[in-house]
Amino acid sequence: MNHKSKIGAILSLILFCSVLTKAENNSKATLEKKRIEQRVDSVMRLMTLEEKIGQLNQLSSSEKTGPELSKSNNMDYVRKGLCGSMLNVVGAEMTRKAQEIAVNESRLHIPLLFGYDVIHGFKTIFPVPLAETASWDMNLIEKSARIAAIETSASGVHWTFAPMVDISRDARWGRIMEGAGEDPYLGSLVAAARVRGFQEQLNNNTDILACAKHFVAYGAAIGGRDYNSTDISERTLYETYLPPFKAAVDAGAATIMSAFQDLNGIPASGNEFTLRKILKHDWNFKGFVVSDWGSVGELINHGVAKDRKEAAKMGLNSGVDMEMCSLTYVDELAQLIREGLVKKELISNACRRILRMKFKLGLFDDPYKYCDTEREKNLIFTPQNRQASLEIARKSIVLLKNENHILPLDKNLKSIALIGPLADAKPEMIGQWPGKGEEDKAVTLFAGLKSHLPENTKLVYAKGCQIDDENESLFDEAIQTAKNADLVILALGEGKMMSGENTSRSNLELPGVQLDLAKAIIKTGKPVVVILTNGRPLAISWLNSHAGAIVEGWILGTEAGNALADVLVGNINPSGKLPVSFPVVTGQVPVYYNYKSTGRPYVPNEQWVTKYIDCPNDALFPFGFGLSYTSFTYSDIKLSDSKLQPNGEIIASVDVTNSGSIDGEDVVQFYIHDMVAQTTRPVKELKDFKKIRLSAGETKQVVFTIKPDELRYYDANMNFIAEPGDFKIFIGTNSRDCKEAIFSLEK
Ligand code: BGC
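Residues numbered from 1 in each chain as written. Predicted model: local features only at pLDDT ≥ 70, side-chain atom pairs only at ≥ 80, totals over all residues. Heavy atoms only, no water.

1. With respect to empty space enclosed by the protein
So, point 1. Scanning the entire structure with this criterion turns up five cavities of 30 Å³ or more.
So, point 2. Taken as a whole, the largest cavity holds about 80 Å³ of empty space.
So, point 3. Taken together, 13 residues make up the lining of the largest cavity; nearest its centre are Gln 55, Gly 81, Ser 106, Leu 108 and Ile 110. (1 Å grid on protein atoms, 1.4 Å probe; cavity = no way out; pocket = protein on both sides within 12 Å on 5 of 7 lines; lining within 4 Å. Points joined across faces, edges and corners; volume = space filled by probe spheres on them.)

2. Here we look at the sheet that holds strand β2 (residues 85–87)
So, point 1. The sheet built from five strands is open, its strands ordered β4-β3-β2-β1-β10 with parallel pairing. The sheet is open, and its two borders are formed by β4 (159–160) and β10 (323–324), each paired with just one other strand.
So, point 2. Note: strand β1 (residues 57–60) against β2, three bridges, orientation parallel. Bridge pairing in β2 links Ser 60 to Leu 87. (Pairing = 2+ DSSP bridges. Helix = DSSP H or I, 4+ residues; strand = E, 2+ residues; numbered from the N terminus.)

3. Considering the site of the ligand
So, point 1. Residues in contact with the ligand amount to 13 residues; listed here are only the nearest, Thr 65, Asp 117, Arg 175, His 214 and Asp 292.
So, point 2. A distance of 2.7 Å is found between an oxygen atom of the ligand and a side-chain nitrogen or oxygen belonging to Arg 175.
So, point 3. Contacts to the ligand include Lys 213, whose side-chain N or O atom sits 2.8 Å from an oxygen atom.
So, point 4. Within the complex, the protein chains bury 99% of what would otherwise be the 310 Å² of accessible surface of the ligand.
So, point 5. Considering only residue class, the shell around the ligand consists of six nonpolar, two polar and five charged. (Near = heavy atom within 4 Å. Polar contact = N/O pair within 3.5 Å; in protein donor to acceptor, adjacent residues only side chain to side chain. Areas by Shrake-Rupley, 256 points an atom, 1.4 Å probe, with all protein chains shown as cover. Nonpolar A, V, L, I, M, F, W, Y, C, P; charged D, E, K, R; others polar.)

4. Here's the deal with the packing of aromatic side chains
So, point 1. Throughout the structure, instances matching the rule amount to 22 aromatic pairs.
So, point 2. Ring centres of Tyr 116 and Phe 122 lie 6.2 Å apart, and the angle between their planes is 70°; this geometry places the pair in the edge-to-face category. For the residue pair Tyr 116 and Phe 122, the accessibility class agrees, reading buried in each case.
So, point 3. Here Tyr 185 and Phe 689 contribute two aromatic rings whose centre-to-centre distance is 6.5 Å and whose plane-to-plane angle is 80°, an arrangement assigned as edge-to-face. Taken together, the residues Tyr 185 in helix α7 (residues 184–199) and Phe 689 in strand β22 (residues 685–694) connect sequence positions 504 residues apart.
So, point 4. Looking at Tyr 185, the relative accessible area reads 25%, which means it is partly exposed.
So, point 5. Residue placement shows Lys 213 over the ring face of Trp 433; its charged tip is 5.5 Å from the ring centre. (Phe/Tyr/Trp six-rings, centres within 6.5 Å; stacked < 30°, edge-to-face > 60°. Buried < 20%, exposed > 50% of the residue type's maximum accessible area, 1.4 Å probe, protein only. Lys NZ or Arg CZ within 6 Å of the ring centre and 35° of its normal.)

5. Side note on unusual backbone geometry
So, point 1. Residues Lys 213 and His 214 are joined by a peptide bond in cis, for which omega reads -5°.
So, point 2. With respect to the helices and strands, the residue His 214 is situated in strand β5 (residues 211–215).
So, point 3. Put simply, Phe 215 and Val 216 share a cis peptide bond, and its omega is -5°.
So, point 4. Phi is positive for Phe 381, close to 55°, though the residue is something other than glycine.
So, point 5. Inspection of the secondary structure assignment puts Phe 381 in the loop between α15 (373–379) and α16 (383–396).

6. Overview of the pattern of salt bridges
So, point 1. One pass over the structure, following the stated rule, counts 45 salt bridges.
So, point 2. Note that Asp 41 is salt-bridged to Arg 352, the shortest N-O span being 2.5 Å. Here Arg 352 lies in helix α14 (residues 344–360) and Asp 41 lies in helix α1 (residues 3–46), a separation of 311 residues in the sequence.
So, point 3. Judged by relative accessible area, which is 26%, Asp 41 ranks as partly exposed.
So, point 4. Glu 494 is the partner of Arg 536 in a salt bridge, and the nearest nitrogen-oxygen pair spans 2.7 Å. Linking Arg 536 in the loop between β15 (528–533) and α21 (541–546) with Glu 494 in the loop between β14 (487–493) and α20 (514–522), this pair joins segments that are 42 residues apart in sequence.
So, point 5. On the basis of relative accessibility, which here comes to 0%, the residue Arg 536 falls in the buried class. (Salt bridge = Lys/Arg side-chain N within 4 Å of Asp/Glu carboxyl O.)

7. Brief notes about the packing of helix α6 (residues 138–153) against α7
So, point 1. At a closest axis distance of 7 Å, the pairing of α6 and α7 adopts a crossing angle of 35°. In this structure, α6 meets α7 at a crossing whose hand is right-handed. Contacts from Met 138, Ile 141, Glu 142, Ala 145, Arg 146, Ala 148 and Ala 149 of α6 reach α7 at Leu 186, Leu 189, Val 190, Ala 193, Arg 194, Arg 196, Gly 197 and Phe 198.
So, point 2. Tallied by class, the residues present in the contact of α6 with α7 amount to ten nonpolar, one polar and four charged. (Axes fitted to C-alpha atoms, helices over the stretch in contact; angles between N-to-C directions. Left-handed = near helix turned anticlockwise from the far one by under 90°. Contact = heavy atoms within 4.5 Å.)

8. Some thoughts on the nonpolar core
So, point 1. Within the largest apolar cluster, 184 residues are counted, with the highest numbers of intra-cluster contacts made by Leu 407, Ile 419, Ile 489, Leu 490, Ile 521, Ile 540 and Leu 568.
So, point 2. No other element matches the eight residues that α14 contributes to this core.
So, point 3. Two domains each provide a minimum of three residues to this core, namely domain 1 (54–114 + 291–296 + 306–380) and domain 2 (381–588).
So, point 4. When residues no more than four places from it in sequence are discounted, the contact partners of Ile 540 are Leu 400, Leu 532, Ile 550, Phe 582, Pro 583, Leu 620 and Phe 621. (Core = buried A, V, L, I, M, F, W, Y, C linked by side-chain atoms within 4.5 Å. Domains from an automatic or database assignment.)

9. So, α14
So, point 1. Compared with the 24 Å implied by 1.5 Å per residue over 17 residues, the 24 Å span of α14 between its first and last C-alpha is a close match.
So, point 2. Of all 17 residues in α14, twelve are buried; the element is thus mostly enclosed.
So, point 3. When we look at burial in α14, the residues that qualify are Leu 346, Ile 347, Ser 348, Ala 350, Cys 351, Arg 353, Ile 354, Leu 355, Arg 356, Met 357, Lys 358 and Phe 359.
So, point 4. In the segment just after α14, Gly 362 is the residue with positive phi, at about 80°. (Expected span 1.5 Å × (residues − 1).)

10. Quick notes on the domain arrangement of the chain
In many reports, interface size means the accessible area that the parts give up when they come together.
So, point 1. The domains assigned to the chain are domain 1 (54–114 + 291–296 + 306–380), domain 2 (381–588) and domain 3 (632–745).
So, point 2. Each of domain 1 and domain 3 was reduced to a C-alpha centroid, and the two centroids are 47 Å apart.

11. Comments concerning the packing of helix α10 (residues 272–282) against helix α12 (residues 308–318)
So, point 1. Relative orientation of the contacting elements α10 and α12 amounts to 25°, with a least axis distance of 8 Å. Our classification of the angle between α10 and α12 gives roughly parallel. Residues Glu 272, Leu 275 and Arg 276 of α10 lie in contact with α12, whose contacting residues are Leu 316, Asn 317 and Ser 318.
So, point 2. Looking at the contact of α10 with α12, its residues break down into two nonpolar, two polar and two charged. (Parallel < 35°, antiparallel > 145°, perpendicular 65-115°, else oblique.)

Given below as structure tokens:
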């Protein structure tokens, strides 16, 4: 055999073996599925109707994350086999105690499932999800979810109510902080990465169930007011709000949470169209649906159910398998069955879905699998986990402005004044949904700077004002501190309870007198660097015109101060890109990059075009925006062909050069616009991106493959098709500054 054919033979053998292993794995998985179904059957055969309904009932510990809905002793439900899951029971010991009651005292010994909101870390707190998305780094995002899963599982909990995959185009809505921003494509990648990180194979005791929430369109709340109605077209639902959920389901998300709000008149937790048709039928979702806190009971407040009985019937019929906290199922379903008003098989089906997950997690084999105090001691808040949090926090930071290279800080500065209510505020680094994170352990900007600045630089701190102060009594001291320094770092932004659930704001400016403080400090004439701490886009036009530099520091978690200091002193060259547009003024909201073409597109100085008379249409900082300490130049786009055949592909490429003097990373973004279609199309849609690292002076070719599949959209009849015709493509460093080219999809 000659050399070539030897290699050929080896390659075929490797291929053959990998086909075999794949086939083996597939058949193992099928066998395991079958085994689980048999075991579910065997338990179901023993269950009374009431016990089946009991599995659909989820109750909370006394640590409430919503309004009090029951006065009864929840453990009595557990004893009677009338509770399948508990939320907010956390800790190896506490979960063991509750599990012992379920396993030893209930008739069928069915273990409980413990759920908890692990939104951005359990004890090691990571950047909030919006911030993590700014890294555009799916490996890091997956890693952060994985570490959260390891810590959560070591504390007895089987299930996180995350990821929140709601798209939001409205920064007034405080929960924008919990999601991945405004774009369905980026949001879908993040949703899948986080599901993978939480669940892995769901086959060992570090894996936890994920829950993609809140199904669906919760982020489209009218006026950005939390829990408010949503009213969007079916097209917008399919194009913008559903994709991240579909991505989560495709990644294997075990559970989905139905939302609070009504969608086009039908409450999401009683919505057969979204839950039964789209999720369970069209997408073939095999996990279970849990309601949001009390959202089945709230069908009465919505005015679509006259009483708890109707609410229970509506919730179950629509496809909500487990009811969180409002107890209408456990109180009403048995009677509804007796009266023939609800089909028994709906209850069996829901119960099956829940039991299946308990079997998958191995809880019937070992109900205490996750309750291990040793693991709890050893796996939580480890130095490695903190290091990972630091790593992703660094990558989440977005440099918004850097006039005259004021950053990184000059090593020869004699003194820096650190001013502002967010400069030394530990709790604010952790944010809302802190899990079991300890505020005390968080590193503030003040602490981070102290350990990062050269010895010859003096750091002096003055608070200047409280986060939402109405008076200026601390201004004088701050102004004096600024005057005595070579440079000022102003730490401004929102407090931890200003983003997250039920934190809608009507005004996206800095809270309280912070802007006045900034004005007073900038008036001293000292160079000013602004560091923002916030969970949503803010309206910061004035700062943008007057501060020397602006760093978007979001809410970065346990290691916030170290990550920020790394960027300020130049240990790290910032590479984050905004996952959401920042408005010029609040009144521009909703402002987003992928708006539709209008009949009167904007042209400067024209009268009869779509515009405001008092502010621009465009965002202050567009989606995908973020600077670096170096600069990148883009060549024109090269297309391998200007015609794309129906089964073919073409390649678009650009040469990106690091034209500055230090190494850096850029996110090369690829957008598309369908120039003529049956329906109005977004002016740009993100379809792909590549995060690249370039040494100073280096050039890399960045390549995107375009296939007809990516050009599909919902036509006038809601068919998802790619239509022949012209398409514009854009490649650039953000959604605004792009190179363009045109190709056509052939018939
Ligand atoms: C929130 C959910 C959360 C649930 C349980 C609700 O108020 O909307 O996102 O998972 O509480 O804590």
